[in-house]
Amino acid sequence: MLTNSIYQEEHIPTQFERFAKSYRSNSLAMFGMWCLILVVLITLTAQWIAPHDPNLQTGHLLVPPSWATEGSIEYFLGTDDLGRDILSRILTGSQYTFGASILVTIVAGLIGSSIGILAGMTRGLLSSTLNHLLDTVMSIPSLLLAIIFVAFLGFGEFNIMLAIGLALIPRFIRSIYTAIHAELEKDYIMAARLDGANDLYLLLNSVFPNILAIIAAEVTMALTLAIMDITALGFLGLGAQAPSTEWGAILGDSVELIYLAPWTVTLPGLAIMFTVIVINLVGEGIRQALNAGVE
Amino acid sequence: MFRYTIRRFNLFAITLLMLTFVGFSILRLDAESPWAHLSYLQGWSHYVQELWNLNFGLNKQGYPIIDDIVVVFPATLELVFISFMLALFIGIPFGTIAGMRQGKMIDTIISFISMSGYSAPLFWVALLLIMFFSLDLELLPVSGRYDLLYEIKHVTGFAIIDAFLSDHHYKAEALQSVLEHLVLPCLVLALAPTTQIVQIMRASVAEVMTQNYIRAARIKGLSKREIITEHVFRNALPPIFPTLGVQLSSMITFAIITESIFNWPGIGRWLLNALANQDYASIQAGVMVVASFVLSANILSDLLGTLSNPLVRKEWYVNQ
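Calculation rules
- In every chain, residue numbers begin from 1 and rise along the written sequence.
- Chain letters start at A and ligand numbers start at 1, both assigned in the order the entries are written.
- Reporting of local features is limited, given that this is a predicted model, to residues whose pLDDT is at least 70; pairs of side-chain atoms are given and counted only at 80 or more, and all residues count toward the totals for whole chains, interfaces and linings.
- Each helix is a run of DSSP H or I of at least 4 residues and each strand a run of E of at least 2, with the numbering of both proceeding from the N terminus.
- Here exposure depends only on C-beta density: within 10 Å of a residue's C-beta, 20 or more other C-beta atoms make it buried, 12 or fewer make it exposed, and intermediate numbers make it partly exposed, the C-beta atoms being placed from the backbone.
- Between N-to-C directions, angles span 0 to 180 degrees; the directions come from axes that are lines fitted to C-alpha atoms, helices contributing only their stretch in contact.
- Helix crossings fall into two classes, left-handed where the near helix is turned counterclockwise from the far one by less than a right angle and right-handed where it is turned clockwise.
- The contact criterion used is a C-beta to C-beta distance within 7 Å, with each C-beta placed from the backbone.
- Under the grouping applied here, Gly and all other residues not named as nonpolar or charged are polar, the nonpolar ones being Ala, Val, Leu, Ile, Met, Phe, Trp, Tyr, Cys and Pro and the charged ones Asp, Glu, Lys and Arg.
- Expected span of a helix: the number of residues minus one, times 1.5 Å.
- Fitting axes to the seven residues that end at a residue and to the seven that start at it, the angle between those axes gives the bend at that residue.
- What pLDDT conveys is the predictor's confidence in a given residue, as a value from 0 to 100.
- Each nonpolar core comprises buried Ala, Val, Leu, Ile, Met, Phe, Trp, Tyr and Cys residues, the members being joined through C-beta atoms within 7 Å.

Here we look at the overall build of chain A
So, point 1. Looking only at helices and strands, chain A has 10 helices and 0 strands in total.
So, point 2. Traced from its N-terminal end to its C-terminal end, chain A shows the element sequence α-α-α-α-α-α-α-α-α-α.
So, point 3. Reported as C-alpha extents along the three principal axes, the dimensions of chain A are approximately 75 × 60 × 30 Å.
So, point 4. Looking at the 295 residues of chain A, the share that counts as buried comes to 43%.

Structure follows, in structure tokens:
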């Protein structure tokens, strides 16, 4: 950078500034971030920006999207077999799909990280047992866990969210635990310890900044899995039930229309795919930017 | 290796035992079943004995559940096995190419395709494929395992083998029908593991490529093919074995979805039906069978990974 200053550097960029600079230089990640902000805004304001009531049966059945010749601007993405506006349904559905998966990820992340940190900072019998046990628990398919939960608690999106959260927790524990353990073996931690740092200080100031990239990757992964599982279970009819506008449930509702009205199937699917790709772009961008100084 | 194996089997046994508690609790959900009236521990020990004899109980219609499982479980296994092979055969070469040429054009393309394949919801991809290949082009069948015109006797439960073993005059046609019905479900089911294997393989190969022995091999003047087959594969493959077992467990999730879309008469669809009918004995049996299958696959892949990778093996004993 060109400046008039003859001194080398007046201001040493903080870790966050370096991160932000590196992130901004990655155009794909920036594109992902703007899209993600859009999705978050839609999720927060869905009730107010939806043009129609998502469950109102307008009487205009199976209107194609507006770009088709028979389409109308009134129903921008067309209507389904009950005459409900698809755009409104997809907009409000973001809360049940995207919002719900964020909730699940945050809760599972908090619980999993705290257990992972506790196990990672200690060593011995507890952590080695934990390590092997988690490997096995992680191998139970998430859908099977969801089926068990449905058997006990009945159908419904909340029960499904519990099951998905429970499937995500071991992943968090495992990765945080491994990351902390690997980090604790390094020499700079020993140096800090010799300086008299206690465990809490070590964790917050030495270990934590260095495992941020792993946490970012894990959160991205968990969010993706949560969206996939919530929509899949909605599609199978185990999660969100029929009139719900959860994206998977919309898809499951309109499977029989696939030949007659393909847009009722393709559009909700595109919404899911768009959200997941955007999350992955941002996650990958964050990971790269965090690693920029290291790699 | 012996102590490691013993440890793993211990873990397997403990987890299975924990699972039996889940299975038994599901069984007790049905208030009318005799299990609900026994005291918990006594009932549980009785239940484990019955499981040991492969007696899963009777379903709601009063037939032994084991007869159902023998029919539906091989159907799922067939689907999963073929898709897994497909995923390996596509994933390993492409992952290797991407890893060898990290940061280059072809790596970006492969990575991007694998990310979009991973991001697309499976059931949606399945519906799009049905829409295109079955409804528009009318090339492939929409659902089922084979045309009901053909009568394929149940021998092994694997439709391909059964069709091959049948001695009707329409054997070739039946086999063709079975294969046609396999194409779409297998493609759909293979999608997610393929993208995963590409990513794992890419990371593993990229890691190996930075090692000094690869540079030494280059300096020695080995051809690219020799470097790949003798140095890269030999070092990049063993670390991915344990992760394959984890892949298998997520494949079971996907298999349940695929079966429900393609009406594939496998254990996933059967389990979903049992759930809709609140047939708790069947749910219990399905959960136990699928979970023990996944667990054993996991332990096996772990053992195989350790067996083929001396580095991990030595490290484990050093840490003891």
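More follows now that the structure is in view.
A short note on the overall build of chain B
So, point 1. Each helix and strand in chain B was counted, giving 13 helices and 0 strands.
So, point 2. Reading chain B from its N terminus to its C terminus gives the helix and strand order α-α-α-α-α-α-α-α-α-α-α-α-α.
So, point 3. Dimensions of chain B, computed from C-alpha atoms along their principal axes, come out at roughly 75 × 60 × 40 Å.

A short note on the packing of helix H4 (residues 105–119) of chain B against helix H7 (residues 171–209) of chain B
Residues and elements named next belong to chain B.
So, point 1. The geometry of H4 relative to H7 is characterised by a closest axis approach of 9 Å and an angle of 140° between their N-to-C directions. Once H4 is placed against H7, the crossing between them reads as left-handed. Mapping the contact onto sequence places Ile110, Ser114, Gly117 and Tyr118 in H4 and Leu191, Ala192, Thr195, Val198 and Gln199 in H7.
So, point 2. Among the residues making up the contact of H4 with H7, the classes are represented as 5 nonpolar, 4 polar and no charged.

Re the interface of chain A and chain B
So, point 1. At the junction of the two partners, chain A supplies 31 residues and chain B supplies 37 residues.
So, point 2. Counting only elements with at least two residues in the side of chain A that touches chain B, the list comes to helix H4 (125–138), helix H5 (142–153), helix H8 (199–236) and helix H10 (263–291) of chain A.
So, point 3. Examining the composition of the side of chain A that touches chain B, we find that 8 residues originate from one element, H5(A), more than from any other.

Structural notes on helix H2 (residues 27–49) of chain A
Residues and elements named next belong to chain A.
So, point 1. Between its first and last C-alpha atoms H2 spans 29 Å; for 23 residues at 1.5 Å apiece the expected length is 33 Å, and the helix comes up short by more than 12%.
So, point 2. At threonine 43, H2 shows its maximal bend, which comes to roughly 50°.
So, point 3. Looking at H2, one finds that the buried residues are Ala29, Gly32, Thr43 and Ala46.
So, point 4. Along its buried surface, H2 packs onto helix H1 (15–24), helix H3 (86–121) and H10.

A look at the confidence of the model for chain B
Close inspection of predicted coordinates is inappropriate for parts of the model with low pLDDT.
So, point 1. Model confidence for chain B is summarised by a mean pLDDT of 85, while 99% of its residues fall at 70 or above.
So, point 2. Scored by ipTM, the complex comes to 0.83, with pTM at 0.87.

Some words on the nonpolar core
So, point 1. Leu144(A), Ala146(A), Ile147(A), Ile164(A), Leu168(A) and Phe123(B) are the most contacted members of the largest nonpolar core, which has 153 residues in total.
So, point 2. The element best represented in this core is H7(B), accounting for 16 residues.
So, point 3. With residues up to four places along the chain from it excluded, the contact list for Leu168(A) reads Val104(A), Thr105(A), Ala108(A), Gly112(A), Ala222(A), Leu225(A) and Ala226(A).

Quick notes on unusual backbone geometry
Residue and element names in this part refer to chain B.
So, point 1. In this structure, glutamate 138 takes a positive phi of about 55° despite not being glycine.
So, point 2. Taking the C-beta count within 10 Å as the criterion, glutamate 138 has 9 such neighbours and is therefore assigned exposed.
So, point 3. Even without glycine at this site, asparagine 263 takes up a positive phi of about 55°.
So, point 4. Considering the arrangement of structural elements, one finds asparagine 263 in the loop between helix H10 (241–262) and helix H11 (267–276).

Considerations on the environment of Ser114(A)
So, point 1. Within the fold, Ser114(A) resides in helix H3.
So, point 2. Sequence separation between Ser114(A) and Ile90(A) is 24 residues; the distance between their C-alpha atoms is 35 Å.

Topic: the environment of Ser223(B)
So, point 1. If you trace the backbone, Ser223(B) turns up in the loop between helix H8 (212–220) and helix H9 (224–236).
So, point 2. Sequence separation of Ser223(B) and Gly157(B) is 66 residues, and the distance between their C-alpha atoms is 46 Å.

What to know about H7(B)
So, point 1. The terminal C-alpha atoms of H7(B), which comprises 39 residues, lie only 50 Å apart, well short of the 57 Å expected from a rise of 1.5 Å per residue.
So, point 2. Of all the bends in H7(B), the greatest, near 35°, is centred on Leu191(B), and the proline Pro193(B) appears no more than four residues after it.

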